[in-house]
Amino acid sequence: MVQTSQSVVRVDVRNVGGIDEASVTLPEGVSVLAGRNATNRTSFLQALMAGLGSRRSSLKGDADEGAVTLEVGDETYTRTLTRRGDSVAFGGDPYLDDPELADLFAFLLENNEARRAVARGDDLQEIIMRPIDTDSIDAEIRECKQERSEIESEIDRLDGLERDLPELEAELREKRSALDDAEAELEAVREELNDLDAGVEESRTRKRELEEAFQRVRDARSELDDLEFDLETERSTLTELKAERDELRQTIESAQEPEESPDQLAGRVDELRRRQRSLDDAINELGSVINFNEDMLDGSAPAIDVGRSGDGAADADGASRAGDSPTDALTGDDRTTCWTCGSEVETEQIETTLDRLRDLRSERLDERSELRSEIQELTDRQSALREAEREVERAEERLDTVHSEIEATESRIADLEPRIESKESDIEELEAEAESIDVDGHNEALERHREANEIELRIGRLEDEIEEIEAQIDEREEAIERREDLEAEREAVADRLTELRTRVDRLEESAVEEFNEHMATVLDILEYENLDRIWIERRETDVREGRQKVTQTRFDLHIVRSSPDGAAYEDTVDHLSESEREVTGLVFALAGYLVHDVHETVPFIILDSLEAIDSDRIARVVDYFRDHADYLVAALLPEDAAALPDEYAYVEQIE
């Protein structure tokens, strides 16, 4: 969806996160939600995300249903949240049908996957390339290959026709010359016949009898010539059919019995897809659990009642006895009341458990990727097996047809041969009958009539052959004219194939280039001491997917620092300060926002959890980000918000 700039966005929220009811108006440009922690700023951002289409929002703890209404210009969008047992169902008509791009690169809360991938030092290629439908690209590549193969086959056929053209033209000249000679020869014979007819003093009756006898011989010879032509055609057809029969038999006999059937593979594919769906559910559930616990740790989750052994429920706001607020409960004395079991545990223990959950989700993502590769491999094998089966079936069906055609052809040959023998016998009788007519000079006249008859038959054959050759030449010349169009079409398909093959590479290269360019600019703006460069290296590595070894690309993050004496050295992500790491994660997400043209899908960038960055640098980051979206909404602490220009819109209370 290509967006146009709108002036004002109104957000109405009910029972989302920690919000009972609230309405907020966001003007175009930068909007700052200024306030302390646990003041529903993050809840409002989650509500805004929900209205835009995200499912990464929570229902208020004491509510069974909630809703968000989003007015963007003249359009109104809705999002409903309904509790269904231990989960929340999302409904309504939100701004986005598919929020994946926005969740990755526009909704930059603390638990944003792009930001966390940088913080953990993960392979960043998977994050950047996840929205790309590589399966459809592979399918397009296969279609282009097939189309190119068909075009090349047709061009090869036309090349063969062009190579035959000089030979056909030479044959045409030869036939025309032979026709001229035959016509001249016939004219000479007819002149001789005229002379003989003039010298034969015969009654009209005897002369008519002689002419009729000659005509019967000519007619019989013409019929014999037609029969012999039909016999030659049938014998040629029989030879071609027998050759085709032998090829079909070889095709059928050479077909190997497959080790596995397409139905067996289909069963395995169905099983793998069930496993994939199960993994999808597990990944989504893990994401929800991780998000909820992260919100609980940073104090942005809605209040809940926590049961405690021996003294009943915890305080109404969900905190333990260590303090009056959720944040106090989570941080006071580094102990907290576990919101799942009610016992007191070390905060560090919960964070360790969260790290294990994140690792588990990462493992499930890797497992899902391997499953997808295996499903594709099995699907390709299934298609190949079915095509082989269809080829054998077509060969068997054609073989049956060829058998029938051979029998019919042999039957026609068996019918033609005695007819030819009979016709030859008829001709002998007709010639004898003509010879028996007693007319002076009749033997010589008979011979000339016979000669003229043979020449006429030869002329007829030559004319038919010339007509056929001329038709073949015309057909070839018309086909050759199409070759130029086919060559242009082949070039277009080749360009399309190259574009498809390099599309992913170009996107990866563009992502790396965008990140490195923006990171260099941001580092220059933020002026971190002894941090010279943060950049991504795109490199190829061999990995195993199922039974195959394939080449994949990785995005490795490099850190270059300078020592006090000015010498540069490479460092690791682990050694970045929290502020440096947060900025790097934000810039990486912004690179994804630009590479995937997310602004064409959603005109928002949402920022939260910037406390690790100092106020002055936050102001510079916001100023840098605001040029890339119509609306930038950031949640900041009051002291951080104070460092931003007065021209921005400020929301100090969510109500």
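These numbers come from a predicted model, not from an experiment. (Residues numbered from 1 in each chain as written. Predicted model: local features only at pLDDT ≥ 70, side-chain atom pairs only at ≥ 80, totals over all residues. Heavy atoms only, no water.)

Some words on the overall build of the protein
For clarity, the threshold we go by: Numbered from the N terminus, helices here are DSSP runs of H or I no shorter than four residues, and strands are runs of E no shorter than two. Throughout, exposure labels follow a simple rule: accessible area from a 1.4 Å probe, protein chains only, divided by the maximum for the residue type, with under 20% read as buried, over 50% as exposed, and the rest as partly exposed.
The helix and strand inventory of the protein stands at 13 helices and 17 strands. A total of 655 residues make up the protein; the buried ones form 42% of that total.

Overview of the pairing of strand β4 (residues 65-72)
Here is the key point about a regular strand: its side chains alternate between the two faces of the sheet. The criterion, for reference: When DSSP finds at least two bridges between two strands, those strands are taken to pair.
Here six bridges tie strand β1 (residues 8-16) to β4, and the two strands are oriented antiparallel to one another. In the sheet register, Asp12 faces β4, and the bridge partner there is Thr69. Pairing of β4 with strand β5 (residues 75-84) involves eight bridges; the strand directions are antiparallel. Bridging from a neighbouring strand, Val72 pairs with Glu75 of β5. Here β4 folds back onto β5 in antiparallel fashion, the turn holding two residues, of which Gly73 has a positive phi close to 65°.

Some points on the sheet that holds strand β7 (residues 107-108)
In a beta sheet, neighbouring strands pair by backbone hydrogen bonds and run either parallel or antiparallel. Where we set the bar: The contact rule is simple, with two residues in contact once any of their heavy atoms fall within 4.5 Å. An axis is simply a line fitted to the C-alpha atoms; with a helix, the fit covers only the stretch in contact. Between two such axes, the angle follows the N-to-C directions and lies from 0 to 180 degrees.
As summarised here, the arrangement of the five strands in space is β7-β15-β16-β3-β17, forming an open sheet in which the pairing is parallel. Strands with a single pairing partner mark the edges of an open sheet, and in this sheet they are β7 and β17 (649-651). The pairing of β7 with strand β15 (residues 604-607) spans two bridges and is parallel. In the strand pairing of β15, Leu108 is matched with Leu607. Relative to the sheet, helix α1 (residues 41-52) contacts β3 (29-34), β7, β15 and β16 (631-636), its axis offset from that of β15 by approximately 155°.

Overview of the pattern of salt bridges
Put simply, the rule is: When a carboxyl oxygen of Asp or Glu is within 4 Å of a side-chain nitrogen of Lys or Arg, the pair counts as a salt bridge.
In total, this model carries 41 salt bridges according to the counting rule given. Two residues, Glu140 and Arg496, come together in a salt bridge whose shortest N-O distance is 2.2 Å. Residue Glu140 is located in helix α5 (residues 134-199), and its partner Arg496 is located in helix α10 (residues 442-526); the two are separated by 356 residues in the primary sequence. Accessibility expressed as a relative area gives 25% for Glu140, which makes it partly exposed. For Arg176, the salt bridge is made with Glu470, and the minimal N-O distance between the two is 2.5 Å.

Observations concerning the pairing of β5
Alignment of β5 against strand β6 (residues 87-91), held across five bridges, turns out to be antiparallel. Directly across from Thr82, in β6, lies its bridge partner Ala89. Hairpin connection, β5 to β6: the antiparallel pair is bridged by two residues, and Gly85 has positive phi, about 65°.

Structural notes on the packing of helix α11 (residues 578-595) against helix α12 (residues 615-625)
The condition that has to hold: Should an angle lie under 35 degrees it is considered roughly parallel, over 145 roughly antiparallel, and from 65 to 115 roughly perpendicular; all remaining angles are considered oblique. Lys, Arg, Asp and Glu make up the charged group, whereas Ala, Val, Leu, Ile, Met, Phe, Trp, Tyr, Cys and Pro make up the nonpolar group; the residues left over, Gly among them, are polar.
α12 packs onto α11 with a crossing angle of 0° between their chain directions and a minimal axis gap of 12 Å. As far as their axial angle goes, α12 and α11 are roughly parallel. In contact with Leu586, Val587 and Leu590 of α11, α12 contributes Val621, Tyr624 and Phe625. Residues that form the contact of α11 with α12 fall into these classes: six nonpolar, no polar and no charged.

A closer look at helix α3 (residues 113-120)
In an α-helix there are 3.6 residues to a turn, and that puts residues three or four apart on one side. What counts is decided by this rule: The term polar contact refers here to a pair of N or O atoms within 3.5 Å; inside protein, the definition further demands a hydrogen-donor-capable atom paired with an acceptor-capable atom, and it admits residues adjacent in sequence only when both atoms are side-chain atoms.
For α3, the buried fraction is high: six of the eight residues fall into the buried class. Those residues of α3 lying buried are Glu113, Ala114, Arg115, Arg116, Ala117 and Val118. With a side-chain oxygen positioned 3.0 Å from the backbone nitrogen of Ala114, the residue opening α3 is Asn112. After α3 finishes, the residue Gly121 shows a positive phi value of roughly 75°.

So, the nonpolar core
Our working rule: Here, nonpolar core refers to any group of buried Ala, Val, Leu, Ile, Met, Phe, Trp, Tyr and Cys residues whose side-chain atoms link them within 4.5 Å.
Within the largest apolar cluster, 108 residues are counted, with the highest numbers of intra-cluster contacts made by Phe44, Leu607 and Phe625. Element by element, the count of residues in this core is highest for α10, at 12 residues. Beyond its immediate stretch of four places on either side in the chain, Phe44 contacts Val11, Val13, Ile19, Val24, Leu26, Leu33 and Ile654. Grouped together as the second largest cluster of nonpolar side chains are 17 residues, Ala220, Ile413, Leu416 and Leu430 included.

Examining the packing of aromatic side chains
Note the cut-off: Side-chain rings of Phe, Tyr and Trp, where Trp is taken by its six-membered ring, are said to pair if the distance between their centres is within 6.5 Å; with planes under 30 degrees apart they count as stacked, over 60 as edge-to-face, and otherwise as tilted.
All chains considered together, the criterion is met by two aromatic pairs. Geometrically, the ring pair formed by Phe604 and Tyr631 is stacked, given 4.8 Å between the ring centres and 15° between the ring planes. Here Phe604 is found in strand β15, whereas its partner Tyr631 is found in strand β16, with 27 residues between them in sequence. Among the residues examined, Tyr631 registers a relative accessible area of 1% and is labelled buried.

Considerations on the confidence of the model for the protein
Filter applied, for reference: Values of pLDDT, ranging from 0 to 100, describe the predictor's confidence in every residue of the model.
Looking at the protein as a whole, its pLDDT mean stands at 81, while 86% of the residues score no less than 70. Here strand β9 (residues 312-313) stands out as the element of the protein with the lowest mean pLDDT, 34, in contrast to β4, whose mean of 95 is the highest. Residue range residues 1-5 is modelled with pLDDT below 50. Its contacts to residues more than four positions away, or to other chains, number 12 contacts.

Here's the deal with unusual backbone geometry
A positive phi is found at Asn15, a non-glycine position, where the angle reads about 60°. Here Asn15 lies in strand β1. For Asn40, which is not glycine, the phi dihedral falls at a positive 70°. Along the chain, Asn40 turns up in the loop between β3 and α1.

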